[in-house]
2 protein chains.
Amino acid sequence: MLPTRIIPPAANAHQYPLLIKRLLLSGVRYEKTREIVYRDTLRYSYATFNERVARLANVLTAAGVKAGDTVAVMDWDSHRYLECMFAIPMLGAVLHTINIRLSPEQILYTMNHAEDKFVLVNSEFVPLYNGIAGQLTTVEKTLLLTDAEEKTAELPGLVGEYEQLLAAAGASYDFADFDENSVATTFYTTGTTGNPKGVYFTHRQLVLHTMAMASMMGSLDSVRLLGTNDVYMPITPMFHVHAWGVPYVATMLGIKQVYPGRYEPEMLCTLIKEEKVSFSHCVPTILQMMLNAPSAQGHDFGGLKMIIGGSALNRALYDTAKARGIQLTAAYGMSETCPLISCAHINDELLAGSEDEQITYRIKAGVPVPLVEAAIMSADGSMLPADGESQGELVLRSPWLTQGYFREPEKGQELWEHGWLHTGDVATIDDMGFIEIRDRIKDVIKTGGEWISSLELEDLISRHPAVREVAVVGVADPQWGERPFALLVLRDDQTLDAKGLKDHLKPYVEQGHINKWAIPTQIALVTEIPKTSVGKLDKKRIRLDIAQWQAAGCTFLSTL
Amino acid sequence: MLPTRIIPPAANAHQYPLLIKRLLLSGVRYEKTREIVYRDTLRYSYATFNERVARLANVLTAAGVKAGDTVAVMDWDSHRYLECMFAIPMLGAVLHTINIRLSPEQILYTMNHAEDKFVLVNSEFVPLYNGIAGQLTTVEKTLLLTDAEEKTAELPGLVGEYEQLLAAAGASYDFADFDENSVATTFYTTGTTGNPKGVYFTHRQLVLHTMAMASMMGSLDSVRLLGTNDVYMPITPMFHVHAWGVPYVATMLGIKQVYPGRYEPEMLCTLIKEEKVSFSHCVPTILQMMLNAPSAQGHDFGGLKMIIGGSALNRALYDTAKARGIQLTAAYGMSETCPLISCAHINDELLAGSEDEQITYRIKAGVPVPLVEAAIMSADGSMLPADGESQGELVLRSPWLTQGYFREPEKGQELWEHGWLHTGDVATIDDMGFIEIRDRIKDVIKTGGEWISSLELEDLISRHPAVREVAVVGVADPQWGERPFALLVLRDDQTLDAKGLKDHLKPYVEQGHINKWAIPTQIALVTEIPKTSVGKLDKKRIRLDIAQWQAAGCTFLSTL
């Protein structure tokens, strides 16, 4: 069982718990004719959406789902996933959003660890699921999700196919009230070492996160991200931190929602154009992929606003997107934080400055949103000043942070040392509240007694016109402790050698942006840089690759 | 003691209680140089605002204020009041906002009933305060608030003058965390009978109310009421339901705030112009007063957005305001509801219709905001359909409703009969979620077996060009049970007789808007209509006046 599922109701009889069902009620009240769209295959109104959530609840109840059970979903981004984000928690059950980019072994681990009892499986994942089914220890029943004409599959414990079951089910469901501290969702985050860790969020946390996100996105005029006239489509998987929580915001406000299935650039571009998508969000890698796709060339993105999170947004990508008609704004969060922590805001002080300077703030990690406290902590647990200079670990307090890792109390205690959630990010906070992420603690390069931010170095290197992608890690060096090693992917028909890179970085050394030890001593030109399942640079893998190359006696371009 | 001040902390150690201090933190982080303005006499930045709240906390602590104490304020709308809205609850104390429009006897009653221990008194109210001081049973100390040069006054238990004390106090204060269900504010609402009743709101309730209000006002594009670039000034007294809660929203978002002191039309117009006020709110009476004031003639209100609440917004006032450059939007709430319940929203269905039809929806009581449930209940406690036709009592559920009346458990149980808060308003809800208030239950006119809405009748009568103000009440009639009686204030140099009024209303009877029994049988032309302390038509008083006139043998204009 997940911890803290049910806490005795508060003393106050009329307190009205914060439950996810309230968000659903609000949206259909505002706009009952607005649409939910799935690819180019399905569209229906908010009124129907509400009915379908009730039908799904009836289907799950008939299949035996009870409050406290964990119900897992393996699907691409779809209307079905959206319905699960409501119906499952609204039953008092826990939605486990399975990261389908993990290896089968990791998926198996997370499903057994989360004690999944019911699983909804997209037909495309049936082979994967059947490959691990024999080792699943808690699953009792399965539901088939499919876009195919064939509405059945060989699945152990199969109850039936989603659309057929919904069509046969009752169109209303009387969802009970229960304690707002009941767990609503869980999913797994992959660290650099060990097994994936399960984070979990309660109804209260998701409702508060939704309210804060809506307040920030609707009210901050300097970046005005989302209003009720926008059309929303995620380009962040729904298994990844609730598609950053925006589906809950969009539903609460009755905003038109578009779900693209898999992230095929052509489908994304078509939906953006045909459905007039005006707001989305993703990690830098996915945006880069979309912009570079042959099918996206010549596509007019005019009017699209996007939040970029998950990894740092660099100026080159900002400018590229701008030239294509996309307005980017950076935000910061992580799996442990539900995730929204901060978002850019151009305050009065910045408005008095140049546009160029404003952009440098627009691509930082942003200012904490209402109800979030952020601070910089030194290794000994003391707080460092918010002076824009003092570097330390970014630590957080807020009502929507995971209260630990499921069934790993020691790791949870470590996460919450000194009463603050530890992000593992090295950051500064300036006197305007802006967080700037300098690096992951483990990705900082320690050389000659100095700390070099691999992120900053990647940003500077990415400004070279020949560079399409770059990753920098520290490699052991007998003299300096560590020295930076750069992996580069060059643009088509471009070249860059070690001297070229050194010449490109020299001015930054002279201007004091970096010290001279920051110039990478070894460089490898590669065709692809390893990424994690959510599209971030996979530095763990990169370090392993380099170690293997070194063991194999490879030589690299050298700036020495 | 107020009930439910402190509840044992939730089981979950890292839950981060919803406390008013979080709202203050957020605003200064967004905009530390933005201003708080008091009349034409004082302005300071959000950074200073934060410091002053800490100074005030130090002053109050030194004066002996402790968590659980009730601290009362008697002031006009000022920066001081805003500071009290934060500092007092942030100490764990309860802010009692005294309705200075009540009679001295009623003020005395509320102060003893609320068990006020400390009182902050504006120098203008010193005579009033000293008139009741001898009968105050719980007050220990007083603080003087003053704009005058003289910084002292004869006040029992006087600690000192606000600004002098603040100047001498420390500029930082370490506000403790405590349970979010601690009571933060209390104030008294005057009913038609009996003593004023005390409502009370917790930190949790005020934070949730603030988040919902910000989400709604910032995100609803169809009415877009408030964003961070707006300038806010209340024209609703701060003693009245937290100036409807907007000061908390404005502070959370770092919005420039302007406080006008007393509501003198000339000062209001000057501040709107000089400070570029773009958002305000008030009851219809006050807006009418402002628009009619000689000093407001020729004043350009262009760009001002206002929420109208407290009483129904009629079309005539909407049009008059529009012609003067003010965009009005109706909202609904009451003292018991913190207060925001609903606000107009022009959804896609309405957008397809005419502008004229859209306006009829813009002036209704609106659609419930997120986290509010509204329903229509019949006298027997059963729910009536939301079909726009079925009339019954409007009942509510939401996280921010008063949990009862302070020290009056029976009245609290009546308020919450069947688990819903009873508004005392007769209303319908249509299939788009719009609430339409038909009348106060006690103000409905029961004639010949039919119910006539006094509000609807007032709206129709107000459309006559000669009518400046109108109030309709039911008076006893031996044949029909009740018949409507109208009090009219005519515009300067205009006349209207009984036949004229009848001719004006006949088309509405013919079109089926009202039945023929709704035409008032008796009419009195008056120079002023009695209002309550918060500017609503005082129907209790009107009924008393009519009874006295009848007893005195007065005759009235008659449409019979």
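Residues numbered from 1 in each chain as written. Chains lettered and ligands numbered in written order. Predicted model: local features only at pLDDT ≥ 70, side-chain atom pairs only at ≥ 80, totals over all residues. Heavy atoms only, no water.

J.: Looking at this model, I keep getting lost on the pattern of salt bridges. Mind explaining?
T.: Between side chains of opposite charge, pairing is possible as soon as their charged atoms come close. Across all of its chains, the model carries 72 salt bridges over all chains by this definition. The partner of Lys32 of chain B in a salt bridge is Asp431 of chain A, with the nearest N and O atoms 4.0 Å apart. With one member in each of two chains, Lys32 of chain B in the loop between α1 (20-30) and β1 (35-38) and Asp431 of chain A in the loop between β20 (421-429) and β21 (435-440) form a pair that bridges those chains. Each of Lys21, Arg22 and Asp177 of chain A together with Glu373 and Arg397 of chain B takes part in a single network of salt bridges with overlapping partners. (Salt bridge = Lys/Arg side-chain N within 4 Å of Asp/Glu carboxyl O. Helix = DSSP H or I, 4+ residues; strand = E, 2+ residues; numbered from the N terminus.)

J.: Where do I start with unusual backbone geometry in this structure?
T.: A negative phi holds for most residues other than glycine; trans holds for most peptide bonds. Residue and element names in this part refer to chain A. Geometrically, the link from Cys338 to Pro339 is a cis peptide bond, its omega value of 15° lying close to zero. Here Pro339 is to be found in the loop between β14 (326-333) and β15 (340-343). Located in the positive-phi region is Cys338, a residue other than glycine, with phi close to 90°. Counting through the fold element by element, Cys338 comes out in the loop between β14 and β15. Take Cys338: its relative accessible area is 0%, and that puts it in the buried class. Positive phi outside glycine occurs at Asp493, with the angle close to 65°. (Buried < 20%, exposed > 50% of the residue type's maximum accessible area, 1.4 Å probe, protein only.)

J.: Would you mind showing me how to read the relation of the copies chain A and chain B here?
T.: Comparison of the two chain copies shows a relationship of rotation about an axis with a shift along it. Superposing chain A onto chain B requires a rotation of 180° together with a translation of 0.0 Å along the rotation axis, leaving an RMSD of 0.1 Å. Here the copies are linked by what is in effect a two-fold axis. Interface overlap between copies: 98% of the residues of chain A at the interface are likewise at the interface in chain B, consistent with a symmetric, same-surface contact. (Least-squares fit on C-alpha atoms with pLDDT ≥ 70 in both. Contact = heavy atoms within 4.5 Å.)

J.: What is the right way to read the interface of chain A and chain B from this model?
T.: For interface size, the figure often reported is the accessible area lost on association. Across the contact, 62 residues belong to chain A and 62 residues belong to chain B. Contact between chain A and chain B buries roughly 5600 Å² in total, counting both sides, with carbon and sulfur atoms accounting for 51%. Inspection of the chain A/chain B interface yields 14 salt bridges. As a salt-bridge pair, Asp177 of chain B and Arg397 of chain A come within 2.9 Å of each other at their nearest N and O atoms. At the junction of chain A and chain B, the tally comes to 41 residue pairs in polar contact (both at pLDDT 80 or more). Broken down by element, the side of chain A that touches chain B gets its largest block of residues, ten residues, from helix α7 (residues 203-219) of chain A. When its residues are assigned to classes, the side of chain A that touches chain B shows 27 nonpolar, 19 polar and 16 charged. (Buried area = accessible area lost by both parts, 1.4 Å probe. Polar contact = N/O pair within 3.5 Å; in protein donor to acceptor, adjacent residues only side chain to side chain. Nonpolar A, V, L, I, M, F, W, Y, C, P; charged D, E, K, R; others polar.)

J.: Explain the packing of helix α7 (residues 203-219) of chain B against helix α8 (residues 246-253) of chain B to me, please; I cannot follow it from the model alone.
T.: Relative orientation and spacing of two packed helices are given, respectively, by the angle between their axes and the distance between those axes. Residue and element names in this part refer to chain B. Running from amino to carboxyl end, α7 crosses α8 at an angle of 75°, the nearest separation of the two axes being 9 Å. Here α8 runs roughly perpendicular to α7, going by the angle between their axes. In this structure, α7 contributes Leu206, Thr210, Met211, Met213, Ala214 and Met217 to the contact, and α8 contributes Val246, Tyr248, Val249, Met252 and Leu253. When the residues that make up the contact of α7 with α8 are grouped by side-chain class, the tally is ten nonpolar, one polar and no charged. (Axes fitted to C-alpha atoms, helices over the stretch in contact; angles between N-to-C directions. Parallel < 35°, antiparallel > 145°, perpendicular 65-115°, else oblique.)

J.: Is there a simple way to think about the pairing of strand β5 (residues 118-122) of chain A in this case?
T.: A regular strand places its side chains so that they alternate between the two faces of the sheet. Residue and element names in this part refer to chain A. The buried count for β5 comes to five of five residues, which makes it a mostly enclosed element. Side chains of β5 alternate between two faces, with Phe118, Leu120 and Asn122 and Val119 and Val121 buried alike. Bridge analysis of strand β3 (residues 70-74) against β5 gives four bridges, and the strand direction is parallel. For Ala72, the partnering residue across the bridge sits in β5 and is Val119. A crossover links β5 with its parallel partner strand β6 (residues 141-145), the connecting element being helix α5 (residues 126-133), and its sense is right-handed. (Pairing = 2+ DSSP bridges. Right-handed = clockwise from strand over helix to strand, strands pointing away.)

J.: Is there a simple way to explain the packing of α7 of chain A against α7 of chain B in this structure?
T.: Contact pair α7 of chain A / α7 of chain B: the axes reach a minimum separation of 8 Å and the direction vectors enclose 45°. As judged from the angle between their axes, α7 of chain A and α7 of chain B are oblique. By crossing handedness, the relation of α7 of chain A to α7 of chain B is classed as left-handed. Residues Arg204, Leu208, Met211, Ala212, Ala214, Ser215, Gly218 and Ser219 of chain A of α7 of chain A form the contact with α7 of chain B, whose own contacting residues are Arg204, Leu208, Met211, Ala212, Ala214, Ser215, Gly218 and Ser219 of chain B. (Left-handed = near helix turned anticlockwise from the far one by under 90°.)

J.: Would you explain the pairing of strand β20 (residues 421-429) of chain B in this entry?
T.: Residues and elements named next belong to chain B. Extensive coverage of β20 is indicated by the burial of nine of its nine residues. Sheet analysis places strand β19 (residues 392-397) next to β20, joined by four bridges and oriented antiparallel. Bridging from a neighbouring strand, Gly392 pairs with Ala427 of β20. Bridge count for β20 against strand β21 (residues 435-440) is five bridges, and the pairing is antiparallel.

J.: Is there a simple way to think about the side chain of His464 of chain A in this case?
T.: Residue and element names in this part refer to chain A. Along the chain, the position of His464 falls in the loop between α15 (454-462) and β24 (467-477). Here His464 falls in the buried class, since its relative accessible area comes to 15%. Apart from the residues within four sequence positions on either side, His464 is in contact with Leu496, Gly500 and His504.

J.: Please explain the sheet that holds β5 of chain A as it appears in this structure.
T.: Hydrogen bonds between backbone atoms are what pair the strands of a sheet, whose relative direction is either parallel or antiparallel. Residue and element names in this part refer to chain A. With mixed pairing, seven strands are arranged side by side in an open sheet as β7-β6-β5-β3-β4-β8-β9. Taken across any chain shown, the strands that pair with only one partner, and hence form the sheet edges, are β7 (158-161) and β9 (197-202). If you compare each strand with its neighbour and ignore which way they point, the axes differ by 20° on average. With five bridges joining them, β5 and β6 adopt parallel strand pairing. Directly across from Val121, in β6, lies its bridge partner Leu144. Helix α3 (residues 79-90) contacts β3, β4 (94-97), β5, β6 and β8 (183-189) of the sheet and is inclined by roughly 150° relative to β4.

J.: I would appreciate a short explanation of the environment of Asp147 of chain A in the present structure.
T.: Residue and element names in this part refer to chain A. Take Asp147: it is sitting in the loop between β6 and β7. Put simply, Asp147 and Met233 are 86 residues apart on the chain and 19 Å apart in space, counted from C-alpha to C-alpha. Once you skip the residues sitting within four places of it in the chain, Asp147 turns out to touch Tyr38 and Arg80. There is a polar contact of 2.5 Å between the side chain of Asp147 and the side chain of Tyr38. Looking at Asp147, its side chain comes within polar contact range of the side chain of Arg80, at 2.9 Å.

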